[in-house]
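Now for the letters of each chain:
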Amino acid sequence: MYNGGQAGLTFWSPNVNIFRDPRWGRGQETPGEDPAVAGRYAAAYVRGLQQPYGGRTGHSRLKLAACCKHFTAYDLDNWSGTDRFHFNAVVSRQDLEDTFNVPFRACVVDGRAASVMCSYNQVNGVPTCADGDFLRGTIRGRWGLAGYIVSDCDSVDVFYSDQHYTRTREDAVAATLRAGLDLDCGPFLAQYTESAVAQRKITDADIDAAVTNTVTVQMRLGMYDSDPAGQPFGHLGPQHVCTPAHQELALEAARQSIVLLKNDRVLPLAPATHRAVAVVGPHSEATVAMIGNYAGKPCKYTTPLQGIARYAAQTVHQTGCTDVACKGSNQPIAAAVDAARRADATIIVAGLDQKIEAEGLDRASLLLPGRQAELISSVAKASKGPVILVLMSGGPIDIGFAQNDRKIAGILWAGYPGQAGGQAIADVIFGHHNPGGKLPVTWYPQDYLQKVPMTNMAMRANPAKGYPGRTYRFYTGPTIHPFGHGLSYTSFTHSLAHAPAQLTVRLSGHHAVSSTSLNTTARLAKRSAVRVAHARCEELSIPVHVDIKNVGDRDGAHTVLVYAAPPPEGGHGAPVRQLVAFEKVHVAAGGTARVEMGIDVCDGLSVADRNGVRRIPVGEHSLMIGELTHTVTLGLEQLGV
């Protein structure tokens, strides 16, 4: 696309903000609510885009330049009178350290991203694009960004015009450049930087630093080299777009992303038994809705109806709703009910779209829009055969009514599955693909929203105020489906092949413990936690080897999820549990596969205290893997001074 003059080499992606609130309209862009998943995703996404080659780390050549956005605590667009341009996110140091900043650190430190984008909102009263502690101090200083920092589009103008953070435009220029911003998406710096220099608000050196950081990335992209045709990727052109291999990859990605939420021993459907299939619902012929937002032009679309028609001998189609909003008395629900009466099986394709959840549009409800629930229940009641509900959405939906409906035998969540979504959905329903996806977000009941205004950024529960906390790490109330939920057409068992029962954390010598009243060993034993900064973290890892047995009659993929819980006396507001390792493995029917993982103690088993300082609790840590629980006792050893 670049060689053909149709695109640049810089992509402002990925969005790695934590999906903190289930109403967030942009949650569909993110990898979910878990910091560990978001961090792994961020680093892998960046490496996949950039594909660095040649040169030393930080100065290697780049195929493309990635940008991790939006730093930080950015997860509200427009909710109940508050929008992202005026929102001041009040966030504790603790939540910044162990939740909001985790994926950005992985982006920069592990992924070596070429850029980071600051967000529209303020954090604790300071616009992120004018926060020197964030930009110069954390991103470039602590994490070592080798690249540029860019504003979200018009962010500088926003904090001057909408947030009234500075008195003059030149003050806004000075605030953002001195904080460490290098590039403005928008005309603000282009218009007012010269006058800021004339007024001695900034110096040439401030501009030189920003230009250097930006142009260096352009140089790493080869934009100042000779004819692109002679460069490493100069052979790529239009003939490499929409190749069969790429289209197959889109299909396989869609298949792997589908989550089986419910199966009352009906799925997969058998084409020989279920010859006539009713396909109903507002998404039954979805095309554009399947690609969500921030998408390119697809090579082609396969709708759910088209995908199902490749398996069924006969399809009967009725939308049941005129659109996804499904409002008003003129909805064709009766026609969909009639179709279900005449079919051997019924597949309902429902959910949300960009008119319900989107950038600039947060949701007010977790329920299906309009009369969709009525359509689903009516069709299920009338159907003479099994009913399968397929949901398309970026965010979670309260589908408790369908989960408890005995006539609805199976439920799938497809997200926004892309151009091949219809084929992938059909492949799962009819057993060509055994689903193995897991939910990346908690699916809450509707009444959860009454307890958590979107403007409350706290992750941790506050029982005294009736605040239940957010995400599986801190919320312990009822759910429609928990984080990590996902069924398969086969069954897997776990057995622990190897994991130590004890591990010693060694403290560096210059952090020796005083022994004036007790000997060093005794004093160490009394400590409940030690700072990560004081520990020798190199190669401090817990090896965990798990054998996964497929005890069913179908080959399938299984994701091994390892959660950790700190000692009860660990304190510091530690998560109830948190994901510390995960790996996906394919296991043949009747077979066994061993998964070997390492848990980084300083990263995975540490907790952030109220000051945002990471500490490793001493004592018994619980590792939970499926039905297994294993205890690892962490002790301390003082190295010689």
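Here, every reference points to the structure presented above.
Residues numbered from 1 in each chain as written. Predicted model: local features only at pLDDT ≥ 70, side-chain atom pairs only at ≥ 80, totals over all residues. Heavy atoms only, no water.

**Student:** Quick rundown of the packing of aromatic side chains? Include the residues and the values.
**Tutor:** Following the criterion strictly, the structure yields 18 aromatic pairs and no others. Here the aromatic rings of Phe 71 and Phe 134 are separated by 5.3 Å at their centres, their planes lie at 85 degrees, and the arrangement is edge-to-face. Taken as a pair, Phe 71 in strand 2 (residues 65–71) and Phe 134 in helix 4 (residues 132–142) lie far apart in primary sequence, 63 residues in all. Relative to Tyr 165, the ring of Phe 159 lies with its centre 5.9 Å away and its plane at 90 degrees, an arrangement referred to as edge-to-face. Linked through ring pairs, Phe 71, Phe 104, Phe 134 and Trp 143 together constitute an aromatic cluster. The positively charged end of Arg 40 is found above the aromatic ring belonging to Phe 582, 4.0 Å away from the centroid. (Phe/Tyr/Trp six-rings, centres within 6.5 Å; stacked < 30°, edge-to-face > 60°. Helix = DSSP H or I, 4+ residues; strand = E, 2+ residues; numbered from the N terminus. Lys NZ or Arg CZ within 6 Å of the ring centre and 35° of its normal.)

**Student:** Which residues make up empty space enclosed by the protein, and what values go with them?
**Tutor:** Applying the stated criterion to the full structure yields two cavities of 30 Å³ or more. Its boundaries defined by the atoms lining it, the largest cavity holds a volume of some 60 Å³. Contributing to the lining of the largest cavity are Ala 564, Ala 565, Pro 566, Pro 575, Gln 578, Gly 604, Leu 605, Val 607 and His 621. Considered class by class, the residues forming the lining of the largest cavity number six nonpolar, three polar and no charged. Reported here for the second largest cavity is a volume of approximately 40 Å³. Lining the second largest cavity are Phe 19, Arg 20, Asp 21, Pro 22, Glu 33, Pro 396, Val 441, Thr 442 and Tyr 444. Among the residues making up the lining of the second largest cavity, the classes are represented as five nonpolar, one polar and three charged. (1 Å grid on protein atoms, 1.4 Å probe; cavity = no way out; pocket = protein on both sides within 12 Å on 5 of 7 lines; lining within 4 Å. Points joined across faces, edges and corners; volume = space filled by probe spheres on them. Nonpolar A, V, L, I, M, F, W, Y, C, P; charged D, E, K, R; others polar.)

**Student:** Describe in detail the sheet that holds strand 25 (residues 619–625), supporting the description with residues and values.
**Tutor:** Ordered by their spatial adjacency, five strands build an open sheet running 17-26-25-20-21, and the pairing between neighbours is mixed. The sheet is open, and its two borders are formed by strand 17 (502–507) and strand 21 (578–587), each paired with just one other strand. Across the sheet, the mean angle separating the axes of adjacent strands is 25 degrees when strand polarity is ignored. Here strand 25 runs beside strand 26 (residues 628–638); their pairing, made up of seven bridges, is antiparallel. Across the sheet, the residue bridging to Glu 620 is Thr 633, located in strand 26. (Pairing = 2+ DSSP bridges. Axes fitted to C-alpha atoms, helices over the stretch in contact; angles between N-to-C directions.)

**Student:** An account of the environment of Glu 374 is requested, with residue identities and associated values reported.
**Tutor:** With respect to the secondary-structure elements, Glu 374 resides in helix 12 (residues 372–382). For Glu 374, a relative accessible area of 37% translates into the label partly exposed. Residues Glu 374 and Cys 326 lie 48 residues apart in sequence; the distance between their C-alpha atoms is 9.9 Å. (Buried < 20%, exposed > 50% of the residue type's maximum accessible area, 1.4 Å probe, protein only.)

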